[in-house]
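Chains, contacts and geometry: an overview
The chain contents come next:
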Amino acid sequence: MARPDGRRPDQLRPVTLTRQWSMHPEGSVLVEFGDTRVLCTASVTEGVPRWRKGSGLGWVTAEYSMLPRATTTRSDRESVKGRVGGRTHEISRLIGRSLRATIDLKALGENSIVLDCDVLQADGGTRTAAITGAYVALSDAVDWLADRKALAGKPAKVLHRSVAAVSVGVIEGEPRLDLCYLEDVAAEVDMNVVCTGDGDFVEVQGTGESGVFARDQLDALLDLGVAGCAELTEAQRKALGK
């Protein structure tokens, strides 16, 4: 079955990473996976949370949110509702875990970096786009600290690996890479794959949406995810000029 946008099953959507999109944060990136657009900003603060003071370790965390009209119908802001939803908590924690896998917190020193990932427009894969863009924003924030000699270790040691993420899934029996919304809602199997630049796994989230899936399908999806993350890693390197 043809994909909605005519891509091959193993083809990413067009990916764009625009650095310094916002003038105020120490790092900012507008990441685009096709029609999905997420603004990722990295904010640096001297010091760490109270529970970490005196440890010599830094801290990296993330927050995720979606603008009210990022989707086809408007949704209320969670701040107006008075509570953060479970899905938002889950995605924020995923992004934070993924970014902490890239950084040596001792070499960072007692500095905090918060990654804010705000979905401007959603067409599937918002959390994976957020992770991919947030890494680039984090890299710029670490460089900002290095320029001010505010790191406890060498810059190359602080950010010692990269991370990228992509969605994969099975639609009508066919494994596909980087699902748009129309594919995501129709997927029999839905999975998010988070990989380092060396191809190691940080996290894999997979669900049989309308049944179960076989080991050979899992292997096919992991292969697609690893290959997609490798392409995204190259896009990150080009965006960073590395």
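To start, this report covers the structure provided alongside it. Worth saying up front: this structure is predicted, and the values here are computed from it rather than measured. Each chain has its residues counted from 1, following the order in which its sequence is written. In keeping with the model being predicted, local features are shown solely for residues with a pLDDT of at least 70 and side-chain atom pairs are shown and tallied solely at 80 or more, while totals for entire chains, interfaces and linings include all residues. The side-chain numbers reported here are obtained from all heavy atoms of the structure, hydrogens and water having been left aside.

Should DSSP find at least two bridges between two strands, the strands are regarded as paired. Helix and strand definitions here come from DSSP, where helices need a minimum of 4 consecutive H or I residues and strands a minimum of 2 consecutive E residues; each element is numbered from the N-terminal end. On the basis of which strands lie adjacent, the open sheet formed by five strands has the order β1-β2-β3-β5-β4 and mixed pairing. Sheet topology places β1 (15-19) and β4 (59-66) at the edges, where each strand pairs with a single neighbour. Direction aside, neighbouring strands of the sheet carry axes that sit 15° apart on average. Here five bridges tie β1 to strand β2 (residues 27-33), and the two strands are oriented antiparallel to one another. Looking at β2, one finds that arginine 19 is bridged to valine 29. Along the sheet, helix α4 (residues 126-147) contacts β1, β2, β3 (36-46), β4 and β5 (111-121); its crossing angle with β3, the most-contacted strand, is approximately 35°. Note on contacts: a residue pair qualifies if any of its non-hydrogen atoms lie within 4.5 Å across the two residues. Geometry is summarised by axes, namely lines fitted to C-alpha atoms with helices restricted to the contacting stretch, and by angles between N-to-C directions that run from 0 to 180 degrees. Sitting on the sheet, helix α7 (residues 215-240) touches β1 and β2, and the angle it makes with β1 is about 30°.

Look at α4 against α7: their axes get within 10 Å of each other, and the N-to-C directions meet at 30°. With respect to α7, the axis of α4 lies roughly parallel. α4 and α7 meet at a crossing whose hand is right-handed. Contact residues: α4 offers Thr132, Tyr135, Val136, Ser139 and Asp140, while α7 offers Leu232, Gln236 and Leu240. Of the residues belonging to the contact of α4 with α7, the class tally is four nonpolar, three polar and one charged. Angle categories are assigned with fixed cut-offs, so that under 35 degrees is roughly parallel, over 145 is roughly antiparallel, 65 to 115 is roughly perpendicular, and the rest are oblique. In this scheme the crossing of two helices becomes right-handed for a clockwise turn of the near helix relative to the far one and left-handed for an anticlockwise turn of less than a right angle. Residues were grouped as follows: Ala, Val, Leu, Ile, Met, Phe, Trp, Tyr, Cys and Pro as nonpolar; Asp, Glu, Lys and Arg as charged; and all remaining residues, including Gly, as polar.

Moving on: the layout of surface pockets. Whether a set of points on the 1 Å grid over the protein atoms alone is a cavity depends on a 1.4 Å probe fitting there but being unable to get out, while an open set qualifies as a pocket with protein on both sides within 12 Å along at least five of seven lines; lining residues are those with an atom within 4 Å of a point. Grid points are joined across faces, edges and corners, and a volume is the space filled by probe spheres set on the points. Its boundaries defined by the atoms lining it, the largest pocket holds a volume of some 540 Å³. Looking at the largest pocket, it is lined by 22 residues, and the ones nearest its centre are Arg87, Gly124, Gly125, Thr126 and Asp184. Broken down by secondary-structure element, the contributors of at least two residues to the lining of the largest pocket are α2 (86-100), α4, α6 (181-184), β8 (189-196) and β9 (201-208). Taken together, the residues that form the lining of the largest pocket break down as five nonpolar, 10 polar and seven charged. In this structure, the second largest pocket encloses a volume near 420 Å³. Lining the second largest pocket are 19 residues, and of these Tyr64, Ser65, Met66, Glu78 and Thr88 lie nearest its centre.

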